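Architecture at a glance
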Amino acid sequence: MALGDGIRRNIASVDPAERAMLRDALIELNQRRFPGARTDSPPGGVTWWFKQDEIHQATHVHGGPEFLPWHREIVNRIEAMLRQINPQLSLHYWDWTQDPRSIPNANLGGGMTGNLDLFTADFMGDKNGAIGEPWLSAGYYVPGAANYRSTDPFDAVNNNPADPPREVTRIVAGMGSSAESPMNDAAIVGRADYASMRSPVDGLERAHNRSHGFVNMGSQHTSFRDPFVFLLHSNVDRLFARWQTDPLHPERLDPAMVYGSESADAGLNGDIEPWSGGTNTRPWAAPENEQVPKDYKHPSIVFPPCYDTNQSAVPIVEVLNAGTPAVINFNDVPSGETTVRAAVFRIYGCGDVTVRVKAGMGPSAPFSVLQPAAGSITVHHGANAFVEARIWIAYSAGAANVAVPDGAVTFECPENGKTFAFVLRANAIVRPKVAVMMALDQSWSMSFAAGTTGATRIEVLQDAARKFMELIQQDNGVGLIRFDHNSYAVNDATFPGLAVTPIGSNNIFDPGRVAAVAAVNAHAPNPAGNTSVGDGVDRARQVLNALPPADYQHKALIVLTDGLENDPLWISDVTGSIDDRTFAIGLGNEQQVNTAALDALANSTGGYLLLTGLLSASIDDYFRLSKYFLQILAGVTNTNIIVDPSGYIAPGMKVRIPFRVNEADIDCTPLLMTDYNVVDFALEAPDGTVITPAGAPGLGVSFEVGTQTRYFRFNLPVAIGTGQHAGLWHAILEVGGPDFKKLVAQLRERKDVNFQRVATHGARYSFVAQSRSNLKMIASLEQSGYEPGADLALRAVLTEYDLPVAKRGSVRVELTRPGGSAVSLVTAEVEPGVFEVTTKAMTAGIYQARYLAQGVTLRGAPFTREHLATAAVWRGGDNPHQPPGGGDEDRWCRLLSCLLSERTLTPRLLERLKKEGLDIDAVRKCVQASCRRRLPRLTKSAEQGN
């Protein structure tokens, strides 16, 4: 016999060590309490043990058909409590045909057998009089207690269940009573119908009553203060279970038939109390309201627990999906995507139980069995009353808004011969579209050097934002506004941006894409520009809010700035009004931008802040801002980054970069970024087939060439052989010899600072493989403050088809500290699919975190995912940056701005003032120059530009 196998056995046959565990757990029941206080009404603060006395005294059922199932429920519940204390335990039984003072052939431990007395201080306490130890020390009764529960059930004063009794007594073999006859037990179990079997006259309840006389624990209202009562009632339930498991009577496991001629009894068809909440017993009543209503025909009550004397092990399988027949709904799945839903079964069984797809009755396209792939699952009985099993069904959405005929699947359980029919119902919708609005800083500082890269900040920004525009997928929209101390409408005459423009195709020359790239290229610093980040964010939000809801289902905002705000609106002015996902990029170090305010702005919307730091000429810094923009693009378009390596490649070298695609991936975009376009780019599929730019169109693969980008894009699988999908793919990079020689000659001729580096090391590259996928990683980095010593909490969540990737993955974080030192942090899986680790940020500066996830999919295919995050601390970081102004001068400027706006000055008044010689436009310019306010935005022309 195995401790923890969930089988209830004769208490005399288990090892003494297990009996001691049971005793200790019973003692612990009196140390744990339900919520509330004894003075509450109804009383709270009742121990787990005395709650059983309260329940039995108030709601027990004797003499009727509910007697057996009601006591089964209380025995099951006390066993569940014991297992919370020690999961290995079962609530064993006393076989009442044996004298508990001298049970022969009992397990005495160490391989020895002999006579066993259950009534000792090591187990059940004294056999006559007060039950004594170990229960006295455990508080099962407290002699002389001031607050106590009376033995008189009609004592209204001393009847608080939170109070202990003053005494608990028992008398064994009193009044001429004796053990039950095995022949009588057998006769009861052999009865043909439930009413006869359970009879209080000559059936099981009568045997129960006589056994209560043999081990007398008091009346019905006090016997549940003695722990021995549960060994007795476990035996009552054992005989009920033995009757039910007669292999000649499978109907006794059917909730509709088990009670035979008494099935229509009103009590059996009512809720079982107090657990259903119909009585004033906490916590199944107010204020906790933890009730779960169920009647006596619920499977958890009908199913016989696992006793060692059961005659068969036929399980009960309950379908938890709603409907008759059960329905699995796949609602609003975007065209081209796959989603999964489960057929859920609750299985009550005392052995291995299998649920499987019935042969010839599996689902057909567009539905399929996902996991387990064979469509069969076997669960094993353990300590729990039931086990839940799931078989996952997948639906792959076809054309949007086209009716999908209902599918069907039938499951079977070979152990009980039952079948379970399911209806599969689905609909496909148009893939949600996202509108992305960029708010880009054009303050004069954007013309300054971007660290030591040799490029200006505006050049670095244009390069990165251009890649975003070149790569964003078709059917989405992009727009751009510019801000300095003002923000400017998309059609501003001086500083134009771009209204949200649809991207009609993945072609690099798509008109919308060309317009977006042109808007980025036109972005330039304003020599007179200060910085109002709040203005930029607010303007971008207004543009997004003006879009018709039907055009785009999701919206996102990206704000980039290189400086501290020094003009209103402030970030804090607009944070509360931003209701779209916002991503912020700080081009500089932690003190050059308002890090805390940008962090709060982004995190409050589900976005995040990324800081570049002071960029150097290193390869990581060269591509850093571009990678940030591409990661944000992945985030707003429900795409995941598979890998993200960088390096150098010289003539004669061939670089093979592996990346894994899995069956949960929907499409793939392998992207190459370079500093000079001298690198040839090809792909190798898992079967070894090489896909070149020239051969790509014939395979349904697109290849596009941007300013400094080249990328393939394809839906999965790719039409090679039987189809190339999951497996190990490779990006193949090779420098073209003539192109490289020409580049080196040009750099030497113009004495370019990059000549020596290129001639020595070759071209810089960064490769990014992205996939729109059903397997996702969402990573976050939260910090407890902005001063050195703050905690950094790094978290990653892995899901597949929205299900946790439980025990199938791992995540580590490569954390680069200020100064360049690095550490690899291993996360812990704190709950299914959730990985966390915490570290200290002791050094002032920026922390770059690279999340690296790996694991296997539901079907066993390897996967990888990557994500970048940043954090920053600095001395004085917890003292928020205080923007200038905000006093009387600022209030006067706001007042003047309002008074001079066209919402205040009507055209008629303006015309009259002009005739009187007052030029209001000139006054506005004076106020704007003095206050640096955004008056043009208050004019009709500007508002119409929104």
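As the structure is a computational prediction, the values presented were derived from the model and not from experiment.

**Some words on the packing of aromatic side chains**
Tallying each qualifying case throughout the model produces 34 aromatic pairs. Aromatic pair F119 and F228: ring centres 5.0 Å apart, planes at 45°, arrangement tilted. One end of the pair, F119, is in the loop between β2 (112-116) and β3 (128-130); the other, F228, is in helix α7 (residues 228-244), and 109 residues separate them in sequence. On the basis of an interplanar angle of 80° and a centroid distance of 5.3 Å, the ring pair of F224 and F230 is categorised as edge-to-face. Overall, the relative accessible area of 1% leaves F224 in the buried class.

**Considerations on the side chain of S312**
Topologically, S312 is positioned in the loop between α8 (299-302) and β6 (316-319). Classification of S312 as buried rests on a relative accessible area of 19%. One polar contact links the side chain of S312 to the main-chain carbonyl oxygen of T245, over a distance of 2.7 Å. Among all residues touching S312, those that are not within four sequence positions of it are T245 and P247.

**Here we look at the pairing of strand β24 (residues 667-674)**
Counting buried residues in β24 gives eight out of eight residues, a clear majority hidden from the surface. For β24 and strand β28 (residues 709-715), the ladder comprises five bridges, and the chain directions are antiparallel. Among the inter-strand pairings, D667 is bridged to a residue of β28, identified as N715. Summarising the sheet, β24 and strand β30 (residues 763-772) pair through six bridges and their orientation is antiparallel. Note on β30: the bridge partner recorded for L671 is V768.

**What to know about the confidence of the model for the chain**
Low-pLDDT portions of the prediction should not be read for the details of their coordinates. Summarising the model, the chain shows a mean pLDDT of 91, and 95% of its residues fall at 70 or more. Contacts for the low-pLDDT stretch residues 932-946, under 50 throughout, to residues beyond four places or in other chains number 49 contacts.

**Some details on the pairing of strand β34 (residues 809-816)**
Only one face of β34 is covered, namely the face carrying G809, V811, V813 and L815; the face carrying S810, R812, E814 and T816 is uncovered. Pairing of β34 with strand β38 (residues 845-856), which is carried by eight bridges, proceeds in the antiparallel orientation. The partner of T816 across the bridge, within β38, is Q848. Where β34 lies against strand β35 (residues 822-826), five bridges are found, and the strand directions are antiparallel. For R812, the partnering residue across the bridge sits in β35 and is V826. With antiparallel pairing between neighbouring strands as the criterion, β34 and β35 make up a hairpin whose turn holds five residues, including G819 at a positive phi of roughly 95°.

**Here's the deal with the nonpolar core**
L26, W94, L204, F228 and F230 are the most contacted members of the largest nonpolar core, which has 72 residues in total. With nine residues, α7 is the single largest residue contributor to this core. Apart from the residues within four sequence positions on either side, L204 is in contact with L68, W96, I188, M197, R198, S199, V236, L239 and F240.

**Observations regarding the sheet that holds strand β9 (residues 353-357)**
Read from one edge to the other, the open sheet built from five strands follows the order β7-β14-β13-β9-β11, with strand pairing classed as mixed. In the strand order of this sheet, the two ends are held by β7 (326-334) and β11 (376-379), each with one partner. Neighbouring strand axes in the sheet, compared pairwise and without regard to direction, differ in orientation by 20° on average.

**Regarding the state of the cysteines**
Applying the stated rule across the entire model yields one disulfide. One disulfide bridge connects C306 with C350, the sulfur atoms lying 2.0 Å from each other. Linking C306 and C350, the disulfide has an S-S dihedral of approximately -95° and is accordingly described as left-handed. Here C306, found in the loop between α8 and β6, pairs with C350, found in the loop between β8 (338-348) and β9; they are 44 residues apart in sequence, far enough to count as distant. Among the residues examined, C306 registers a relative accessible area of 6% and is labelled buried.

**Topic: the pattern of salt bridges**
Inspection of every chain in the model, using the stated rule, returns 47 salt bridges. Notably, a salt bridge pairs E79 with R83, separated by 3.3 Å at the nearest N-O pair. Taken together, the positions of E79 and R83, both in helix α3 (residues 67-85) and four residues apart, correspond to about one turn of that helix. For the pair E79 and R83, a shared accessibility class is recorded, and that class is buried. Linked through salt bridges whose partners overlap, the residues forming this network are R8, R72, E79, R83 and D237.

**Some remarks on unusual backbone geometry**
Residue P287 is reached from A286 by a cis peptide bond, and omega for that bond is 5°. Following the sequence through the fold, P287 ends up in the loop between α7 and α8. Residue P325 is bonded to the preceding T324 through a cis peptide linkage, with omega at 0°. Structurally, the position occupied by P325 is in the loop between β6 and β7. Positive phi, close to 55°, is recorded for N105, a residue that is not glycine. As for its placement among the helices and strands, N105 is situated in strand β1 (residues 103-109).

Here is what the cut-offs are and how they apply
Starting afresh in each chain, residues are numbered from 1 along the sequence in its written order. Only residues with pLDDT of 70 or above have their local features reported here, since the model is predicted, and side-chain atom pairs are shown and tallied only from 80 upward, although totals for entire chains, interfaces and linings are computed over all residues. Only hydrogens and water are set aside when side-chain values are computed; all heavy atoms of the structure are taken into account. Only rings of Phe, Tyr and Trp enter the pairing, Trp through its six-membered ring, and a pair is recorded when the two centres are within 6.5 Å. The plane angle decides the type: under 30 degrees is stacked, over 60 is edge-to-face, the rest tilted. Only runs of H or I of at least four residues qualify as helices and only runs of E of at least two qualify as strands under DSSP, and these elements are numbered from the N terminus. Burial classes follow relative accessibility: with a 1.4 Å probe on protein chains only, a residue under 20% of its type's maximum area counts as buried, one over 50% as exposed, and anything between as partly exposed. Whenever two N or O atoms come within 3.5 Å, that pair is a polar contact, provided that in protein one can donate a hydrogen and the other can accept it, and provided that, for residues adjacent in sequence, both atoms are side-chain atoms. Whether two residues are in contact is decided by their heavy atoms, any of which lying within 4.5 Å being enough. When DSSP finds two or more bridges between a pair of strands, those strands are recorded as paired. The predictor's confidence in any single residue is recorded as pLDDT, a number from 0 to 100. Side-chain atoms within 4.5 Å are what join buried Ala, Val, Leu, Ile, Met, Phe, Trp, Tyr and Cys residues into a set we call a nonpolar core. Only the stretch in contact is used when a helix axis is fitted, and all axes are lines through C-alpha atoms; the angle between N-to-C directions ranges over 0 to 180 degrees. When two cysteine sulfur atoms lie within 2.5 Å, the pair is treated as a disulfide. Only one rule defines a salt bridge in this text: a Lys or Arg side-chain nitrogen within 4 Å of an Asp or Glu carboxyl oxygen.

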